[in-house]
Amino acid sequence: ANIIEVSTEELCKEILISEIFIIATGSRPSHPSWFDANIPGVFDSDTILTLKRLPTQITVIGSGVIGCEYACIFAKLGIRVHLISRHQSILPFLDQEISEHLTFRMRNQRITMRQGESVDKIEQQDDHLMVHLVSGNKVTSPVVLVAAGRRSNIEGLGLEKIDIIPEDMGRLSVNENYQTNLPNIYAVGDVIGFPGLASTAMIQARIAVLHAFNQLQSEKMPTRLPIGIWTIPAIAMIGET
């Protein structure tokens, strides 16, 4: 709990000893069991930015913030979009009225919504990809974007050796001062999950450092956080639904 081993670029091992550690390793796109990055045309929300040519159609799997944002972007570029959602409504954490209004606006942009559907597998067929759904339905397009949430970057940290047990998607559980179950080890930013914003991560880190050095007084993370979702049209919210 007070020692880490670091591998340098020269492949040397260095031992660092400290009273306090802050884990801020971020997150990466989550890959479900059926995700295969070796299939040409299958991308996640990071690798989609390496796309060299715009396709005529794209299938977006996932109706969270990232999936809906990308779906709107591609639709505005004139690309036919199929959006697959395992939920009956997109962005289910929103007020239902707003979610329904966004669904209406996205359909007007020629985004085909397939709600309440789960993916079974993705197969390559000639120059197209076939997305097989659990229901038996199939969706065909040359490009598939998998936006299945984000997973915390904790692999290789050896947290299991000091009894820090991650939650779903590798998220680390913390208290109001961003301490894990070991008081000298803090965690901030995407590695602890929601809201996963740069602005909130900065405040989390500030609170953690102040607490670690016994300088924390009245400063707390606000309970109401502004959230911006860059769909088309864009959505902003704060406080209760």
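Just so it is clear, the model here is predicted, and its values are computed rather than measured. (Residues numbered from 1 in each chain as written. Predicted model: local features only at pLDDT ≥ 70, side-chain atom pairs only at ≥ 80, totals over all residues. Heavy atoms only, no water.)

(A) Representation of the pattern of salt bridges in the model. Tallied over the full model, the rule gives five salt bridges. As a salt-bridge pair, D168 and R171 come within 3.7 Å of each other at their nearest N and O atoms. By relative accessible area, D168 is classed as exposed at 55%. (Salt bridge = Lys/Arg side-chain N within 4 Å of Asp/Glu carboxyl O. Buried < 20%, exposed > 50% of the residue type's maximum accessible area, 1.4 Å probe, protein only.)

(B) Region of interest: the side chain of H132. Within the secondary structure, H132 is located in strand β10 (residues 128–133). What makes H132 buried here is its relative accessible area of 12%. Side chain to side chain, H132 and E123 meet in a polar contact 3.0 Å long. H132 has contacts with V119, D120, K121, E123, N137 and K138, leaving out every residue within four places of it along the chain. (Helix = DSSP H or I, 4+ residues; strand = E, 2+ residues; numbered from the N terminus. Polar contact = N/O pair within 3.5 Å; in protein donor to acceptor, adjacent residues only side chain to side chain. Contact = heavy atoms within 4.5 Å.)

(C) How the structure looks around a nonpolar patch on the surface. A cluster of nonpolar side chains, contributed by I3, I15 and I17, occupies part of the molecular surface with about 330 Å² of accessible area. Mapped onto the fold, I15 is located in strand β2 (residues 13–17). Residue class for I15 comes out partly exposed when judged on its relative accessible area of 48%. (Patch = residues over 30% accessible without salt bridge, like charges linked within 9 Å, V, L, I, M, F, W, Y side chains within 5 Å. Areas by Shrake-Rupley, 256 points an atom, 1.4 Å probe, with all protein chains shown as cover.)

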